Amino acid sequence: LTAKSHDDPTKRDAFRTAMLAGWDLSWIAGDLQLDDVLKAVELARDPGFIPHGITSDAVNLIPEVAAEVVGYARSAQGQYGPHLMVDVGATTLDACLFLLSEIEGELRYAFLDTDVRIDLGAFRLHLARRKAIDPSSHGLGLPSPLHPVPASANEYPGSNDHALKLDERFKDATRDMVRQVSARAKRKARRDLMAQVENRGGFEVQLPGDIRVMLCGGGSGIPLYENAISEAGELVTCGGATGLMLKPFSILPGL
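Predicted, not measured: the structure shown is a model, and the values here were computed from it.

With that settled, the discussion passes to the packing of aromatic side chains. Under the definition given, this model contains one aromatic pair. Seen in terms of ring centroids, Trp23 and Trp27 are 6.2 Å apart; in terms of plane orientation they differ by 70°. Their pairing is edge-to-face. With a relative accessible area of 35%, Trp23 lands in the partly exposed category.

Encoded structure:
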């Protein structure tokens, strides 16, 4: 689910309908026709719809950022402490600050803050660059759908100041998003830790200070996103005795 939580019923229901319809269509032998798809979607919208071979309760939605965090936590690279994950997709940009810990031998993860933007992804950047260079352009402008988005607006034929300024706007918006996620996470960590202090009779709990930053996704190779994260890290201020110690962070290689 391309959302930071389950709180968007319109998006949640649309994804669930698509999943149920897709599952039901997978049982059809041979080529699918448009009428088959339309019928499957209509059936899947019915609250009483029962898909082939499973119950409706067996279909669950997980926000994309949550799935990524769980995947990392269970991987060989998973480490304890606070992490910032920024996923640059085709249309979306996801940012999540979470904490991994171990309690009684069991891995635990807590989401301190998340955000999802549907206008800052790599393909959104590409289309905006094309429009800045040629307002009448409607094509993809790529050799193939699998061709990577150019690293800079300078790489486009006919590039101009409008396209270069657009790169700066995307970078600034990404930087501000990451900085805001970090600031909200820091405030939440402070509130949670203060509650622990009160519950434990004044015993202060200190979160680790160093933060691991992971930049991933198909658009993560475009330099402006990495630059935005680095700038956000330089602007983050350290926490106090009961705050999340967010120091200027750096991006982990190979993630």
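Counted by the stated rule, this structure contains eleven salt bridges. When the shortest N-O distance is used, the salt bridge between Asp119 and Arg117 registers 2.8 Å. Given the relative accessible area of 36%, Asp119 is considered partly exposed. What you see here is one network of salt bridges that share partners, running through Glu168, Lys171, Asp172, Arg175, Asp176 and Glu231.

The subject of this paragraph is helix H1 (residues 9-25). For H1, spanning 17 residues, the distance from its first C-alpha to its last is 24 Å, which sits close to the expected 24 Å at 1.5 Å a residue. Among the residues making up H1, those that are buried are Thr17, Leu20, Ala21, Asp24 and Leu25. Buried positions in H1, seen along its axis, are confined to an arc of 130° and lie on one side of it.

It is worth spelling out helix H6 (residues 223-235) at this point. Relative to the 18 Å expected for 13 residues at 1.5 Å per residue, H6 spans 19 Å between its end C-alpha atoms, a close match to the ideal helical length. Looking at H6, one finds that the buried residues are Leu224, Tyr225, Ala228, Ile229, Ala232 and Gly233.

A word on the environment of Asp119. By the secondary structure assignment, Asp119 is in the loop between strand S3 (106-117) and helix H4 (122-133). Residues Asp119 and Phe170, spaced 51 residues apart in sequence, show a C-alpha to C-alpha distance of 9.2 Å. Leaving out residues up to four positions away in the same chain, Asp119 has contacts with Thr91, Arg124 and Phe170. A distance of 2.8 Å separates the side chain of Asp119 from the side chain of Arg117, its partner in a polar contact.

Here is what the cut-offs are and how they apply
- Residues numbered from 1 in each chain as written.
- Predicted model: local features only at pLDDT ≥ 70, side-chain atom pairs only at ≥ 80, totals over all residues.
- Heavy atoms only, no water.
- Phe/Tyr/Trp six-rings, centres within 6.5 Å; stacked < 30°, edge-to-face > 60°.
- Buried < 20%, exposed > 50% of the residue type's maximum accessible area, 1.4 Å probe, protein only.
- Salt bridge = Lys/Arg side-chain N within 4 Å of Asp/Glu carboxyl O.
- Helix = DSSP H or I, 4+ residues; strand = E, 2+ residues; numbered from the N terminus.
- Expected span 1.5 Å × (residues − 1).
- Arc of directions from axis to C-beta.
- Contact = heavy atoms within 4.5 Å.
- Polar contact = N/O pair within 3.5 Å; in protein donor to acceptor, adjacent residues only side chain to side chain.

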